[in-house]
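Chain by chain, the residues:
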Amino acid sequence: MRASLLFAALAPAVSIASTCEPSFFAPYLTSNVSIVYARTFTSTETFEGPMGNYTGLPEYCALYVNVSSSTTSAYEFGLWLPTRTWNKRYMAYGNGGFTGQVAFADMAPGLNYGFAVVSTNTGHNSSVQEAGDAGWALNNPETRTDWGWRALHGSVALGRVLTEAFYDNNIEYSYYAGCSTGGRQGLKEVQMFPDDFDGVLAGACAWWTSHQQNWDLKVALDNLPNNASHHVTAELMDVLATEVLRQCDVQDGVKDNIIMDGYACQFRLEALLCSSPRTNTSTCFSADQLDTIHRGSEAQVSLMIITDDDSVDEPSGIAYARDFVYNDASWPAEHLDYATIQLSEYLDPGNATADTYDLRPFYQRGGKLIHYHGFADGEIPTGSSIYYYKQVEKTMIPLGYDLDDFYRFFLIPGMQHCSGSVHGAPWYIGSANQPSALTGSNIWGVPGFRDTKHDAIMALMAWVENGTAPAELIATKYIDDTPALGVQAQRRTCPYPQRAAYVGGNWNQTSSFKCE
């Protein structure tokens with residue numbers, strides 16, 4: 001993308017910080033809305049957030065807004081408005097897990113692009129450490145609805161009104177970026193409110209709420225109790241991961257510690273079977289332990305290693321059935337059965353599941369969707385994104401639509417959940433949740449590579465505004481995940497069902513792979 005596209009029509013030419021006060025915004029509020037604060041932050045001032053502090057940003061007007069969504073619920077949102085460098089674009093950022101927290105860590109990088117940025121707390125306040133806790137949902141159906149869709153849509157709608165009032169100018173383009181729950185939120189917006197955004201960037205989408213949350217619990221239960229013959233320890237998970245890499249790495253044509261396509265690997269789990277009862281069981285698996293692995297991926301089971309008292313309160317699997325579905329704080333995890341899945345689907349608490357596959361309204365309004373998922377994601381199964389894409393294919397292709405016209409899906413080899421990677425695989429594309437995973441101050445975009453091939457947000461903008469569809473996304477791995485230390489490796493990723501095939505040369509170079 002040319003710099004002129006990203007930074008064109010910067011407005012206003014002079015600071016309008018003096019209007020950043022509650023009284024200015026009051027005429028645009030309904031009776032159920034209040035301004036918690038509205039104040040200007042200069043580039044030398046520090047915004048102290050609940051999970052981090054942000055400084056060195058372009059001057060902006062910071063608003064925090066409370067909205068009563070029903071007689072028993074309310075949500076909040078943050079809105080940051082550049083006072084000198086607005087690019088006439090609006091960007092909303094999503095959330096993670098069950099966490100109730102405005103995504104200030106994404107809003108700060110978004111401000112550097114020139115966006116007016118908005119994010120919601122989804123209807124409750126909690127911390128990242130409480131991402132698996134859904135106690136707030138117990139017997140609170142209205143708050144579940146806020147989390148499911150209402151808080152984001154309402155924040156985006158009101159934030160748009162306040163943005164245009166502040167600048168006395170129209171927003172030219174609206175965008176969204178989110179990962180995990182944020183990915184689900186993005187798909188939900190595409191499905192329920194196709195006019196909200198011109199472009200959506202959705203990663204590792206936790207879209208199948210009624211199944212995914214219960215699956216997390218099932219995987220945990222399958223590995224209990226800790227003293228059972230089928231229990232797999234954390235140490236054995238490392239053994240399994242080493243064997244997966246040994247068998248699968250070379251099958252893509254280059255030994256580089258990166259598995260390009262996990263589904264293409266002909267993996268033989270039985271290679272880890274203990275040869276006799278006298279074998280050192282710290283380096284091999286019993287038949288019962290292999291059965292446990294067969295019921296879940298190695299990364300997922302690894303995340304489900306349970307505490308010494310066989311508790312399943314963490315990770316988040318039990319919270320959904322307990323607090324969303326049954327409304328019973330004492331519901332025992334061992335009661336999970338197929339009836340729980342059926343009830344979850346029937347109730348779909350909060351209308352959170354994003355399982356609409358007919359995306360014609362979004363397509364017809366000109367919307368563009370970039371969807372991505374890490375191949376080494378141990379929290380949201382990579383296959384769930386592949387399944388969603390295929391369901392959209394089966395729905396829309398028979399109706400005469402070409403998904404490439406508006407929907408591109410990228411699988412990123414070695415990438416974990418939303419950020420980070422295994423074995424040094426390139427993973428960074430500048431999306432939501434990613435700048436805060438790097439080491440350094442005031443990181444935004446893809447340092448050193450702020451262009452449409454490396455930066456997924458800029459790729460989305462180019463598609464929406466210029467009609468240039470992303471034919472590839474180049475993922476970056478910085479040395480020690482620190483941009484200041486330079487680039488360790490980069491790799492081409494391709495829109496599904498294409499894959500990046502090795503054609504020879506230095507595997508750290510993008511020219512060594514081509515999409516086919």
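Residues numbered from 1 in each chain as written. Predicted model: local features only at pLDDT ≥ 70, side-chain atom pairs only at ≥ 80, totals over all residues. Heavy atoms only, no water.

Concerning the state of the cysteines
Turning to step 1, where the next piece is worked out: For the structure shown, the criterion picks out five disulfides.
Turning to step 2, where the next piece is worked out: Disulfide pairing places cysteine 20 opposite cysteine 61 at an S-S distance of 2.0 Å. Across the disulfide from cysteine 20 to cysteine 61, rotation about the S-S bond amounts to roughly 80 degrees, and the bridge is consequently right-handed. Placement of the pair is cysteine 20 in the loop between helix 1 (3–7) and helix 2 (22–25) and cysteine 61 in strand 4 (residues 60–68), with a sequence separation of 41 residues. (Disulfide = S-S within 2.5 Å. Helix = DSSP H or I, 4+ residues; strand = E, 2+ residues; numbered from the N terminus.)

So, helix 6 (residues 209–222)
Turning to step 1, where the next piece is worked out: For helix 6, with 14 residues, the first-to-last C-alpha span of 20 Å sits near the 20 Å given by 1.5 Å per residue.
Turning to step 2, where the next piece is worked out: Buried residues dominate helix 6, accounting for eleven of its 14 residues.
Turning to step 3, where the next piece is worked out: Taken together, the buried positions of helix 6 are occupied by Thr209, Ser210, Gln212, Gln213, Asn214, Asp216, Leu217, Val219, Ala220, Leu221 and Asp222. (Expected span 1.5 Å × (residues − 1). Buried < 20%, exposed > 50% of the residue type's maximum accessible area, 1.4 Å probe, protein only.)

Looking at helix 13 (residues 382–396)
Turning to step 1, where the next piece is worked out: The first and last C-alpha atoms of helix 13 sit 22 Å apart over 15 residues, in line with the 21 Å expected at 1.5 Å per residue.
Turning to step 2, where the next piece is worked out: Here helix 13 has its buried residues at Thr382, Ser384, Ser385, Ile386, Tyr388, Tyr389, Gln391, Val392 and Met396.
Turning to step 3, where the next piece is worked out: Buried positions along helix 13 lie against helix 5 (181–192), helix 12 (360–364), strand 10 (368–374) and strand 11 (407–412). (Contact = heavy atoms within 4.5 Å.)

Examining empty space enclosed by the protein
Turning to step 1, where the next piece is worked out: Per the counting criterion, the structure on display carries one cavity of 30 Å³ or more.
Turning to step 2, where the next piece is worked out: The space that makes up the largest cavity amounts to roughly 40 Å³.
Turning to step 3, where the next piece is worked out: Residue lining of the largest cavity: Tyr93, Asp106, Pro109, Tyr113, Gly430, Ser431, Pro435, Gly445 and Ile457, and that is the complete set.
Turning to step 4, where the next piece is worked out: Ranked by the residues each element gives to the lining of the largest cavity, the list is headed by helix 3 (residues 104–113), at three residues.
Turning to step 5, where the next piece is worked out: The residue makeup of the lining of the largest cavity, split by class, is five nonpolar, three polar and one charged. (1 Å grid on protein atoms, 1.4 Å probe; cavity = no way out; pocket = protein on both sides within 12 Å on 5 of 7 lines; lining within 4 Å. Points joined across faces, edges and corners; volume = space filled by probe spheres on them. Nonpolar A, V, L, I, M, F, W, Y, C, P; charged D, E, K, R; others polar.)

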